[in-house]
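Each chain, written out:
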Amino acid sequence: MESFLKSNFDVESKRPSEEAQRRWRKAVGLVVRNPRRRFRMVPDLDKRSEVEAKKKKIQEKIRVALYVQKAALQFIEAAAGTEYQLLEEVRKAGFFISPNELATIARRHDKKKLKSHGGLHGISREISVSLDHGIKKSDLLVRQDIYGINQYAESPPRSFWMFVWDALHDLTLIILMICALISVAVGLATEGWPKGMYDGLGIILSIFLVVIVTSVSDYRQSLQFRDLDKEKKKIFIQVTRDAYRQKVAINDLVVGDIVHLSIGDIVPADGLYVSGYSLLIDGSSLSGESEPVYVSHENPFLLAGTKVQDGSATMLVTAVGMRTEWGKLMETLSQGGEDETPLQVKLNGVATIIGKIGLVFAAMTFLVLLVRFMADKVNHVGFKWFPGDALKILNYFAISITIIVVAVPEGLPLAVTLSLAFAMKKLMKEKALVRHLSACETMGSTNCICTDKTGTLTTNHMVVDKIWISELTKSVIGSETTPYLKSVISENVLIVLLQCIFLNSGSEVVRGIDGKTTILGTPTETALLEFGLDLERHVDSQYQDCKKLKVEPFNSVRKKMSVLITLPGGGTRAFCKGASELILQMCDRIIGSDGNTILLSNKQKEDILNVINDFACEALRTLCLAFKDISEDHNVQEIPSAGYTLISIFGIKDPVRPGVKEAVQTCIAAGIKVRMVTGDNINTAKAIAKECGILTDDGLAIEGSEFRNMSPKEMKDIIPKIQVMARSLPLDKYTLVTNLRKMFNEVVAVTGDGTNDAPALHEADIGLAMGLAGTEVAKDSSDVIVLDDNFTSIINVTKWGRAVYINIQKFVQFQVTVNIVALMVNFFSACITGSAPLTAVQLLWVNMIMDTLGALALATEPPNNNMMERPPVGRNDSFITKIMWRNIFGQSIYQLIVLGVLMFDGKKLLRIEGSDSNTVLNTFVFNTFVFCQVFNEINSREMERINVLSGIFSNWIFVTILASTIIFQVIIVEFLGTFASTVPLSWQLWLISVLIGFISMIVGVILKCIPVESNNSRLVQQNGYEALPSGPEAV
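The structure presented is a predicted model; accordingly, all values stated were derived computationally and were not measured.

A. Seen up close, the overall build of the protein chain. Secondary structure summary: the protein chain contains 38 helices and 26 strands in total. Over its C-alpha atoms, taken along the principal directions, the protein chain stretches across nearly 120 × 75 × 50 Å. Expressed as a percentage of the 1035 residues in the protein chain, the buried residues total 56%. As presented, the protein chain carries roughly 43,600 Å² of accessible surface, and 58% of it is formed by carbon and sulfur atoms. The centroid of the 108 positive side-chain charges in the protein chain is displaced by 4 Å from the centroid of its 109 negative side-chain charges.

Here it is in structure tokens:
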């Protein structure tokens, strides 16, 4: 079985090839009862190809409009004589440009039309907005009515009745319905009203129940996915409205809004550039062009869906929603569907194998029943036919079809979807938003996590803890520090320091509607600005009078931020801040406490490096600030890269999050190696890594510069030892992730928050973006968004990932056991006695127990801590393990022996007598069979551990389904005998049925004591950890 699954049903968790996707679809063949339901969550590859072709067509159209010479396009438009009429309703609303005309300006990069409307300021007047104060909130509804809302056209959600319709497309149920109707017709003709319609009506009612239960389950799943989709689309952006900066949901954006853009943002609508610095836009997602473009007053057009690669800016929104090209593209992309997960594909394979076996048994059962019936008929009455004979043959056929219903486990692949939907909903409450289905299950197989330091292992609530300035080191304690600094250091030095803090910053100090001052920006810059605001109360820096000429924003490659300004009294000055060692190398002077600059000697450089290392060893993030006054003959368009004067070094405290050390220990116990990859100083990184328990005595801490200069052979030798990588570039993280996956075959999860982390997030098996500190570009490239940026939340994702995999294994073990027993009982009974003990109605009820209800009960088990005490599942491990086969065959043999003895010697053993003894025995066999499945369902909660009752009452879904199954079984046996071919049983027979079922739990304990080689008993792996022992002794 495993070789068949690997050769036909093996797909990658991320970006599976079309060839692999088509291969498994072909392997499934015709062994599918209901393609509409089974493949509802599987993308249509032909439709996807059409969608991809549409996407390329739209991208080509955009590319032609934006990058090809516009002369031809303008000539065509002029010939067409496109004129836009200003409707009266637009004019009455106070606007003076039509929505379509406004939308075409940015979409077509039409400078001529922009100029004809008076440029940016002319457009702002025509849409009644102040570029400084933004729109008024009171205008929102009017603007939405005239210019549209920022939402894209989507297909309407499926109603409950659509799921009912899907369920009714089950071929076997359709055949059973036809059989039931024929049975009713023949029965009425031969046995009269009402007795003649009981058999057929029983089947119809059973089918109705199956369809309703199935539809309710599927509909609830769809609601869960719909809620998750809404969460995925919750993007908030910074805008200015009513003269205040504020956050608004992307769907609430309107034409006229002033939007603030920074590195890593996705442009939320079409618009015009208002102001900014070094704004570099990546338009590849929209146009397919890989070359980024600078946007400025000369080229002011911004399009929705493009990404801010560098710089910052404000923009005026001119088109939203379906009036943007991105809106049309998104409408197309929403039709493509999400890739199936590896577990869904694997279970389609398992269902195919079981289905083929079931088809053979169903055909053989029908043939055996028919041959025995014909033989008995010939022996007793010859070839004389009676009306009841047709009903009997029809009943045999219905039983065979019902065996197919039981044998083809449609619920297997859908159980994965059910389990994933349940896990994703629970993870939302635990601060993790799963963007791709496959990520949830793949996370359970993770054996390596490459994590950032800042904000993930630490709190990301930064404060200045120490400052070094003019060769003086001072701890920052409340409001005492700034008066002390003023008393010992020249005011000129503090003025320069304040200018550098406030002018060389990507963050802003803004006043909210409530009048409170808020700092918008990164935690590092927030800590500096908070220090600056405190110092500003004692020193007048006049930084507001300075004018910025050029800004080079911070990014993880440059590791510094620079700004060029003009001073109020004349002159030009450059400020720089960033990684301490890097800035120190750019400095050749230092500012003294008297305000004079002096040459930086080698001894002073050495002392400063010691200060940096001392700060870093105290787990402080270090940041250097420097300036340079530029002479008149220097090119003021370029920010210098050397010759700076060192102002100060800041030691910024970012405490380790509570619970991180325990979470890291949980990972180690679970066979997951945690590696820290950070841009910080190596001593800071080592101090935090030791505090978290990541860096051990035999582990290695390395700098990115050393790592990236290694040969592939050297990397292969050193990577297993690496626990910390400091001063790393995004490319270093990408290289590490790639080598871990390809050299060591590890399943790698990686965290990231910056734009440049996108390649590593994309390459990793699971990309984890930070929800608070992460950019929209990082989130867009990720598989999971960690909403609270907490490492502990990553462990929760891992737990649920393992729970999904194990829950599906439990369900498969349970369902295969029921399949084997149901097939064997009916087949051998048909061969030996010429009748099937389980009728069509009874088999339909059994199918519902093991399919929809079984999936709900077992596939929704929450994770427990025991799941994190075993190694992860390897890439090539068998899905159906030897432990599962042991349990399946053990329980099947027990049930077959018991049911076989009851079928052939039950009357004697149980002392059943009377004219209805056969019906009583068959009812008892059916009842015993169901209770065996009820207790086996409890058994299946744990495949290895003996204690299967642990936590059972905390899982209300499991308890409810178990109780419902028992209650309904009582109703079927005691009250619905007319339809289900049962008779009421005595309390003694009920007790024996329950006891026989309960014995399966004792059998389960015995089976778990039989030693079986487990996948978890793998030897030491190349990834550097030793597998943990497992088995009953660990239970």
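B. Representation of the pairing of strand β7 (residues 307-319) in the model. Across the 13 residues that make up β7, a large majority, eleven, are buried. As judged from the four bridges shared by strand β3 (residues 258-261) and β7, these two strands associate in the antiparallel manner. Pairing of H260 across the sheet is with T314, part of β7. Sheet analysis places strand β4 (residues 270-282) next to β7, joined by ten bridges and oriented antiparallel. Bridging from a neighbouring strand, G276 pairs with A313 of β7.

C. Summary view of helix α2 (residues 18-28). Listed in full, the buried residues belonging to α2 are A20, Q21, W24, A27 and V28. Projected onto a plane normal to the axis of α2, the buried residues spread over an arc of 130° and lie on a single side. Facing away from the buried surface of α2 by more than 90 degrees, the exposed residues are E19 and K26.

D. Local environment of unusual backbone geometry. Phi is positive for D242, close to 55°, though the residue is something other than glycine. In this model, A619 sits at a positive phi of 65°, which is unusual for a non-glycine residue. The exposure class assigned to A619 is buried, which follows from its relative accessible area of 14%.

E. Fine view of the packing of helix α32 (residues 791-833) against helix α33 (residues 840-858). At a closest axis distance of 9 Å, the pairing of α32 and α33 adopts a crossing angle of 170°. When the axis of α32 is compared with that of α33, the two are roughly antiparallel. Contacts from N807, K810, F811, F814, Q815, V818, N819 and N826 in α32 reach L843, V846, I849, M850, D851, G854, A855 and L858 in α33. For the contact of α32 with α33, the residue count by class is nine nonpolar, five polar and two charged.

F. Region of the structure containing the nonpolar core. Counting residues in hydrophobic clusters, the biggest one holds 170 residues, and the most contacted among them are L176, I203, F791, I808 and V812. Setting aside residues no more than four positions away along its own chain, L176 makes contact with I203, I207, A398, I401, T402, V405 and L844. Core analysis: the next-biggest nonpolar cluster, separate from the first, contains 47 residues, V90, I97, L131 and L302 among them.

G. Layout of the environment of T481. Looking at the secondary structure, you find T481 in helix α20 (residues 481-488). Polar side-chain contacts of T481 include one of 2.9 Å to the backbone nitrogen of I477.

H. Structural detail: the sheet that holds strand β8 (residues 432-434). Ordered by their spatial adjacency, eight strands build an open sheet running β8-β26-β25-β24-β9-β21-β23-β22, and the pairing between neighbours is mixed. Either end of the sheet is taken by a strand with one partner, and the two such strands are β8 and β22 (700-703). Neighbour-to-neighbour, the strand axes of the sheet open up by a mean angle of 20°, direction not taken into account. Here three bridges tie strand β25 (residues 766-770) to strand β26 (residues 784-786), and the two strands are oriented parallel to one another. Paired with L768 across the strands is V784, a residue of β26. Against the sheet, helix α29 (residues 730-743) contacts β9 (448-451), β21 (673-677), β23 (722-726) and β24 (748-752), and its axis sits at roughly 170° relative to β24.

I. Structural view of a nonpolar patch on the surface. A contiguous nonpolar surface patch, about 480 Å² in accessible area, is contributed by F889, I893, I897, V901 and L909. Relative to the helices and strands, I893 resides in helix α34 (residues 882-910).

J. Expanded view of the packing of aromatic side chains. Inspection of the entire model under this criterion finds twelve aromatic pairs. Relative to Y219, the ring of F160 lies with its centre 5.8 Å away and its plane at 80°, an arrangement referred to as edge-to-face. Taken together, the residues span a long stretch of sequence, with F160 in helix α11 (residues 160-167) and Y219 in helix α13 (residues 198-232) at a distance of 59 residues. The interplanar angle of 65° and the centroid separation of 5.9 Å between the aromatic rings of F163 and Y219 together place this pair among those described as edge-to-face. Of this pair, F163 sits in helix α11 while Y219 is found in helix α13, placing the two residues 56 residues apart along the sequence. Using a relative accessible area of 24% as the deciding quantity, one classes Y219 as partly exposed. Put simply, the rings of F160, W161, F163 and Y219 pair up and form one aromatic cluster. Taking the ring centre of F163 as reference, the NZ or CZ of R158 above it sits at 4.7 Å. Here the guanidinium or amino end of K474 rests over the ring plane of Y484, the centre of that ring lying 4.7 Å away.

Scoring rules and cut-offs
- Residues numbered from 1 in each chain as written.
- Predicted model: local features only at pLDDT ≥ 70, side-chain atom pairs only at ≥ 80, totals over all residues.
- Heavy atoms only, no water.
- Helix = DSSP H or I, 4+ residues; strand = E, 2+ residues; numbered from the N terminus.
- Buried < 20%, exposed > 50% of the residue type's maximum accessible area, 1.4 Å probe, protein only.
- Areas by Shrake-Rupley, 256 points an atom, 1.4 Å probe, with all protein chains shown as cover.
- Lys, Arg positive; Asp, Glu negative; His and termini not counted.
- Charge placed at Lys NZ, Arg CZ, Asp CG, Glu CD.
- Pairing = 2+ DSSP bridges.
- Arc of directions from axis to C-beta.
- Axes fitted to C-alpha atoms, helices over the stretch in contact; angles between N-to-C directions.
- Parallel < 35°, antiparallel > 145°, perpendicular 65-115°, else oblique.
- Contact = heavy atoms within 4.5 Å.
- Nonpolar A, V, L, I, M, F, W, Y, C, P; charged D, E, K, R; others polar.
- Core = buried A, V, L, I, M, F, W, Y, C linked by side-chain atoms within 4.5 Å.
- Polar contact = N/O pair within 3.5 Å; in protein donor to acceptor, adjacent residues only side chain to side chain.
- Patch = residues over 30% accessible without salt bridge, like charges linked within 9 Å, V, L, I, M, F, W, Y side chains within 5 Å.
- Salt bridge = Lys/Arg side-chain N within 4 Å of Asp/Glu carboxyl O.
- Phe/Tyr/Trp six-rings, centres within 6.5 Å; stacked < 30°, edge-to-face > 60°.
- Lys NZ or Arg CZ within 6 Å of the ring centre and 35° of its normal.

Purely geometric stuff here, so don't read any function into it on its own.
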